[in-house]
Amino acid sequence: MASKSATYSETGKVRRVIVVGGGLGGLMTVIKLCEAGVPVDLFSLVPVKRSHSVCAQGGINASVNTKGEGDSPQVHLEETVYGGDFLANQPPVKGMADAAPGIVYMLDRMGVPFNRTPEGLLDFRRFGGTLFHRTAFAGATTGQQLLYALDEQVRRFETIEVEDDKGVAIHGEKMVRKFEFWDFLSVVQEDNGTVRGIVAQDVKSMAIKAFPGDAVCLATGGPGIVFGRSTNSVINTGTAASAVYQQGACYANGEFIQVHPTAIPGADKLRLISESARGEGGRVWVPKDIKERRRGKDVPEKDREYFLEDKYPGYGNLVPRDIASRELFLKCFHEGKGVFNAKSQKNENEVYLDLTHLPQEALRKKLAGILEIYEKFVGEDPYTNPMRVFPAVHYSMGGLWVDFERAENGSLVMGHPRNSATNLEGLYATGECEYQYHGANRLGANSLLSCIWGGMITGPAIATYRKNLGKSSYDLSSNVFDSAEKRERAKYEKILKMDGKENPYRIHEELGKMMLLDVTIERHNDKLDKVISSIDELTERAKNVGVTDTAARSNQGAQFVRHLDNMLVLARVIAQGARNRDESRGAHFKPAFKDRNDEEFLRTTLALHKEDGGRPSINYVRSLDYSINGKPVHATDQVDISLVKPRARKYETAGAASATAKGDAKPAAETAKPAAAAST
Amino acid sequence: MSDRKVRFKIKRQDAPGTEARWDEFLLDWEPQMNVISSLMAIQRNPVTTDNRTVAPVVWESVCLEEVCGSCTMIVNGKVRQACTALIDQIAPNGETITLEPMTKFPLVRDLIVDRQKMFDNLKKVKAWIQLDGTHELGAAPRQSQENQEEAYPLSRCMTCGCCLEACPQVNSHSDFIGPAAINQVRLFNMHPSGKMHAAERLETLMGPGGIADCGKAQNCVEVCPKEIPLVDSIAVVSRATTKHMLFGWLLK
Ligand SMILES: Cc1cc2nc3c(=O)[nH]c(=O)nc-3n(C[C@H](O)[C@H](O)[C@H](O)COP(=O)(O)OP(=O)(O)OC[C@H]3O[C@@H](n4cnc5c(N)ncnc54)[C@H](O)[C@@H]3O)c2cc1C
Ligand code: SF4
Ligand code: SF4
Ligand code: FES
């Protein structure tokens, strides 16, 4: 039976839900909850305005068809599913593609300074895996602009008071309370497993505290830092997802890690040069001659090898990222044709990404954000010199397993509490930390979309769950929270006392190097076996770290020890998942198993954590039984392929990614020619 | 490995009110090294030049590509983002690099300060569009390319605080809201629907701590890493407040 009051608990407390993470996924969830009248406590490791979403450059997809090419949500659905090599459940993807135009209009209404056409409409550009102009953009800092728009709306809710059941404002209770600079540690569970709140640590005062919430949503982003350096922000350790996984939440498709073909090297981070560079006409090439010593701009056309255009005339430089990264890898590692570097006097693992044939004025308006990054960090002018780039870990298709409720029309039932629910009752997940939309490979500019769409379905799902909740978390005995708080305090005290010989940052460096080398573009079973046993070793060594910092405030060292432990757990999920999947699909490529094997592997990898005598290991399952509002739910690893039947991917042929697409979009072979590109 | 070294002198303080001290570190030079990667190297080996193992330096950073605003500090006496401070540029000849926390915000520890007041200021000036809701309401009002090209640069402010640190009018005896928030008022007041609430935003800047406190010293615009035309924004908003003060009541 549902609680008596929607606003107050029996004990007179305002009933809130908890959202952890304030990137696009978390903020959109918060906004939807507020609109449904549900007050929120929002937790974030950093001020939400500084969340990793701020890094997104290229844009957000929506089939608005401004250019009259015959684009439609149906084509968007088909291309997303095809790009993901058919591993994604299709109803959530359909929901997302259908909603996309409305989402971009909403963002425009919020004030996002999207680039415009001469008529004052939204402008769209091309991105990978499609021939259509489907990507709306605000210069080359789209993620920043979208994040700010949602951040502003959430800030507005910080000033709006909660209303009681009769619509009377409750003095002093705001719709959103922010807890920034708090690190999520774990969820608080009742004896029956239902999630009733969280324990978090204030990273300034280092205080640890339990918070009740009628439901909890994790929107904590991706785990790129498991690979040491990546295009991700330094806070993307995946620590929160790992923590709930260790508490029983299922982790799905962990082995699917996207490597982006075009990043620039750095001592601290591999900075991305967005796919939009190619969307605007950028071309990828290497000198034909390995011994080529001239500078990029001095190599004449006839001496260049445009290897993507040559091999994939259909999609050219805009083949999906898994394919582009593999081709770059082939050129650099196997053929040794990477660009010669005068400083190091060798062929580096780098290729040219060339924009120099495009008009500078247009580049400034559309790509300045990324070209500035190149200029600042490489110290070369990308308007006149071809950029030197190489692949880097970028995105996790895998993540916390979440459910969905399919509607008759093949989309989702909005407001159903199954949408975005994890297998821990009361815990939801959205954004990059879950696994739902991108299958085995994500198309560019679909992530910002999936994060926002994720928030749009997760907010209403949680609102329904909370409405049907029998007993509010605010009415539980305080023992539940006290004991969770004590458990986490004890763990932290233990970390502070660690005085072993190992340095946690060095262990992380080793983990990253190994994951980068053997668990990215090409995967071999013998190497994966070694990685897994090395993870065992590193896990042991991590028990023997010395914490040099025992300060009471902003103790980043102790905090990092915790994140490292959690990264090691996720590294295992990623590597073991890769070891088990003996096929090649999307971003997961095994030279020994070159083909996709639908019969055995067209299914979701479902990983559950277990401890074998204190040693972490993984229990792979074929189905999950859990409950929502006390009702049993059964889900399996079968992929819902009811809307687009699986077929082999063939990006050599223009239009192969969508059967419906008939429009006038041009094959890459035509648009890539400098003359055509320069005229736009 | 080259034998080139990089020398750092870093101001440390465990908490506000405690004594500050300086620690020096000597690091191996690496290609593409910047202040953040140097601080990371110190984490891996927190030993000072006088051979003491100390607590690693703490600082804030997220994006490492100058778009999140978190890593602001004073590098060689000048406020800036640490992530874009490349060693080859700031110390080409092995000069000692000094790092200090910003001074216009309460200290937390080492290089970390508390910039909450900047976010609070965004609340004060209502830096948002008064949205009817996120349900589907069709397309937004059309906007010219010109309008977009004016708004976009203003919208890149990452609340980093460089401008406040540099502004002489922002100090412990003043409530001056600072240029970042004023720039936001300009941004929202030029948006087709943001405009409808322009007066409210202007009024928040007309009281104490508002726009009149700006001494037009222009330090702000020189340090803004996003090259936001802050002085223009201040001028535009200043004219608008004057107009509102003189004629606003007529329009009510
Ligand atoms: C360089 C780059 C460019 C990209 N460009 C594009 C693009 O053009 N188009 C596109 O579609 N996608 C792009 N992506 C992908 C996209 O940016 C991300 O997938 C997306 O922003 C993730 O959003 P999110 O809301 O899931 O999480 P994030 O934005 O990562 O936010 C995570 C939130 O969780 C909080 N958090 C994390 N851990 C904890 C913890 N332990 N405790 C408390 N809080 C925590 C953080 O503080 C943060 O608020 C890009 C990615 C990168 C790296
Ligand atoms: S112009 Fe105004 S805001 Fe800018 S530094 Fe000077 S006093 Fe401060
Ligand atoms: S206006 Fe510039 S200096 Fe000031 S906070 Fe914004 S980005 Fe930083
Ligand atoms: S770390 Fe984001 S601006 Fe420097």
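Residues numbered from 1 in each chain as written. Chains lettered and ligands numbered in written order. Predicted model: local features only at pLDDT ≥ 70, side-chain atom pairs only at ≥ 80, totals over all residues. Heavy atoms only, no water.

Regarding the site of ligand 3
Around ligand 3 sit 13 residues, and of these Cys157, Cys160, Gly161, Cys163 and Cys224 of chain B come closest. Of the residues contributing to the shell around ligand 3, the split by class is 11 nonpolar, two polar and no charged. (Near = heavy atom within 4 Å. Nonpolar A, V, L, I, M, F, W, Y, C, P; charged D, E, K, R; others polar.)

Describing the interface of chain B and chain A
With 79 residues of chain B in contact, the opposing surface of chain A contributes 71 residues. With both sides pooled, the region where chain B packs onto chain A buries about 6,200 Å², and carbon together with sulfur makes up 52% of that total. One can count nine salt bridges joining chain B with chain A. In this structure, the salt-bridge partner of Asp114 of chain B is Lys204 of chain A, at a minimum N-O distance of 3.9 Å. (Contact = heavy atoms within 4.5 Å. Buried area = accessible area lost by both parts, 1.4 Å probe. Salt bridge = Lys/Arg side-chain N within 4 Å of Asp/Glu carboxyl O.)

Thoughts on a nonpolar patch on the surface
Taken together, the side chains of Met245, Leu246 and Phe247 of chain B make up a nonpolar region of the molecular surface, amounting to roughly 320 Å² of accessible area. Relative to the helices and strands, Leu246 of chain B is located in helix α9 (residues 230-251). (Patch = residues over 30% accessible without salt bridge, like charges linked within 9 Å, V, L, I, M, F, W, Y side chains within 5 Å. Areas by Shrake-Rupley, 256 points an atom, 1.4 Å probe, with all protein chains shown as cover. Helix = DSSP H or I, 4+ residues; strand = E, 2+ residues; numbered from the N terminus.)

Here we look at the sheet that holds strand β5 (residues 97-100) of chain B
Residue and element names in this part refer to chain B. Strand order across the open sheet formed by five strands is β2-β1-β5-β3-β4, with mixed pairing between neighbours. The open sheet terminates on both sides in strands that have one partner only, identified here as β2 (21-28) and β4 (78-81). For this sheet, the mean angle separating the axes of adjacent strands, direction not counted, is 30 degrees. Relative to β4, strand β3 (residues 72-75) runs antiparallel, the two sharing four bridges. (Pairing = 2+ DSSP bridges. Axes fitted to C-alpha atoms, helices over the stretch in contact; angles between N-to-C directions.)

Quick look at the domain arrangement of chain B
All names here are of chain B. Along its sequence, chain B is carved into domain 1 (5-113) and domain 2 (116-251). For domain 1 versus domain 2, the separation of C-alpha centres amounts to 31 Å. If you look at the interface, domain 1 gives 13 residues, while domain 2 gives 15 residues. Overall, the association of domain 1 and domain 2 removes approximately 1,100 Å² of surface from exposure, summing both partners, and the carbon and sulfur fraction of that is 58%. There are zero salt bridges connecting domain 1 and domain 2. Of all the secondary-structure elements, those providing two or more residues to the side of domain 1 that touches domain 2 are β3 and β4. In terms of residue count, the dominant contributor to the side of domain 1 that touches domain 2 is β4 (three residues). Here the side of domain 1 that touches domain 2 is built from residues that sort into six nonpolar, four polar and three charged. (Domains from an automatic or database assignment.)

So, the packing of helix α13 (residues 525-542) of chain A against helix α14 (residues 556-580) of chain A
Residues and elements named next belong to chain A. Across the interface, α13 lies against α14 with an axial gap of 10 Å and an inter-helix angle of 165 degrees. Viewed along their axes, α13 and α14 adopt a mutual orientation that is roughly antiparallel. Once α13 is placed against α14, the crossing between them reads as left-handed. Of α14, the residues touching α13 (which contributes Asn525, Leu528, Asp529, Val531, Ile532, Ile535, Asp536, Leu538, Thr539 and Ala542) are Leu564, Asp565, Leu568, Ala571, Arg572, Ala575, Gln576, Ala578 and Arg579. Of the residues in the contact of α13 with α14, the class split is 11 nonpolar, three polar and five charged. (Parallel < 35°, antiparallel > 145°, perpendicular 65-115°, else oblique. Left-handed = near helix turned anticlockwise from the far one by under 90°.)

Brief notes about the sheet that holds strand β20 (residues 351-354) of chain A
Across a sheet, strands are paired by hydrogen bonds formed along the backbone, either parallel or antiparallel in direction. Residues and elements named next belong to chain A. The strand order β15-β14-β21-β20-β16-β17 describes an open sheet built from six strands, whose pairing is antiparallel. Looking at strand neighbours, the two that pair on one side only are β15 (271-272) and β17 (304-305), the edges of this open sheet. Bridging between β20 and strand β21 (residues 387-396) involves three bridges; their strand directions are antiparallel. Paired with Leu353 across the bridge in β21 is Met387.

Topic: the domain arrangement of chain A
Residue and element names in this part refer to chain A. Taken domain by domain, chain A holds domain 1 (17-255 + 397-477), domain 2 (260-392) and domain 3 (485-604). Placing the centre of domain 1 and that of domain 3 at their C-alpha centroids yields a distance of 25 Å. Counting from both sides, the interface comprises 40 residues of domain 1 and, opposite them, 38 residues of domain 3. Together domain 1 and domain 3 conceal approximately 3,300 Å² of surface at their shared face, both sides included; 59% is due to carbon and sulfur atoms. When the buried surface of domain 1 facing domain 3 is broken down by residue, Val226, Phe227 and Glu255 rank first, second and third, together holding 23% of it. The interface formed by domain 1 and domain 3 includes three salt bridges. Of the charged contacts in the structure, one is a salt bridge between Arg581 and Glu255, with a shortest N-O distance of 2.8 Å. The tally of links from domain 1 across to domain 3 stands at 20 residue pairs in polar contact (both at pLDDT 80 or more). Among the elements that take part in the side of domain 1 that touches domain 3, helix α5 (residues 239-246) stands out by supplying five residues, more than any other. Residue classes in the side of domain 1 that touches domain 3 are distributed as 21 nonpolar, 13 polar and six charged. (Polar contact = N/O pair within 3.5 Å; in protein donor to acceptor, adjacent residues only side chain to side chain.)

Some remarks on the site of ligand 2
Ligand 2 sits among 13 residues. The nearest are Cys167, Cys214, Ala217, Gln218 and Cys220 of chain B. Considered class by class, the residues forming the shell around ligand 2 number eight nonpolar, four polar and one charged.

Re the confidence of the model for chain A
A residue-level look at chain A finds 97% of positions with pLDDT of 70 or above and a mean pLDDT of 94. A low-confidence stretch, residues 672-680 of chain A stays under pLDDT 50, and its non-local contacts, those more than four residues away or across chains, total 11 contacts. (pLDDT = per-residue confidence, 0-100.)

Points about the environment of Leu355 of chain A
All names here are of chain A. Note that Leu355 resides in the loop between β20 and α9 (360-378). Classification of Leu355 by relative accessible area gives buried; the value is 0%. Through-space distance from the C-alpha of Leu355 to that of Thr384 is 7.9 Å; in sequence the pair is 29 residues apart. Leaving out residues up to four positions away in the same chain, Leu355 has contacts with Ala277, Gly282, Leu363, Leu367, Leu371, Pro382 and Met387. (Buried < 20%, exposed > 50% of the residue type's maximum accessible area, 1.4 Å probe, protein only.)

Thoughts on the environment of Lys195 of chain B
All names here are of chain B. One can find Lys195 in the loop between α6 (179-189) and α7 (198-204). Classification of Lys195 by relative accessible area gives partly exposed; the value is 48%. Separated by 108 residues in the primary sequence, Lys195 and Ile87 place their C-alpha atoms 44 Å from one another. With sequence-adjacent residues up to four places away left out, Lys195 is seen in contact with Phe188, Asn189 and Met190.

Focus on the nonpolar core
Side chains that are nonpolar tend, in soluble globular proteins, to be buried together. All names here are of chain A. By size, the foremost hydrophobic cluster in this structure holds 201 residues, and its most contacted members are Ile60, Leu107, Ile198, Ile452 and Met515. It is α14 that provides the largest number of residues to this core, a total of 13 residues. Excluding residues that lie within four positions of it along the chain, Ile452 makes contacts with Leu24, Met28, Ile60, Ile103, Met106, Leu107, Leu146 and Leu150. The next biggest cluster of nonpolar side chains, apart from the first, holds 42 residues, and it includes Leu77, Tyr82, Leu328 and Val644. (Core = buried A, V, L, I, M, F, W, Y, C linked by side-chain atoms within 4.5 Å.)

Regarding the pairing of strand β5 (residues 133-136) of chain A
All names here are of chain A. As judged from the two bridges shared by strand β3 (residues 60-61) and β5, these two strands associate in the antiparallel manner. If you follow Ile60 over to β5, its bridge partner there is Ala136. For strand β4 (residues 124-126) and β5, the ladder comprises three bridges, and the chain directions are antiparallel. Each residue of the ladder has a partner; that of Arg126, found in β5, is His133. The hairpin formed by β4 and β5 contains six residues between the paired strands, and Gly129 there has a positive phi angle of roughly 80 degrees.

Observations regarding the packing of aromatic side chains
All names here are of chain A. Counting across every chain of the model gives 16 aromatic pairs over all chains. Taking 6.2 Å as the distance between ring centres and 90 degrees as the angle between the ring planes, the aromatic pair formed by Phe43 and Trp182 counts as edge-to-face. Linking Phe43 in strand β2 (residues 40-44) with Trp182 in strand β9 (residues 182-189), this pair joins segments that are 139 residues apart in sequence. There is no split in this pair, since Phe43 and Trp182 are both buried. With a centroid separation of 5.1 Å and an interplanar angle of 65 degrees, the aromatic rings of Phe179 and Phe211 are classed as edge-to-face. Placement of the pair is Phe179 in strand β8 (residues 176-180) and Phe211 in strand β11 (residues 208-212), with a sequence separation of 32 residues. (Phe/Tyr/Trp six-rings, centres within 6.5 Å; stacked < 30°, edge-to-face > 60°.)

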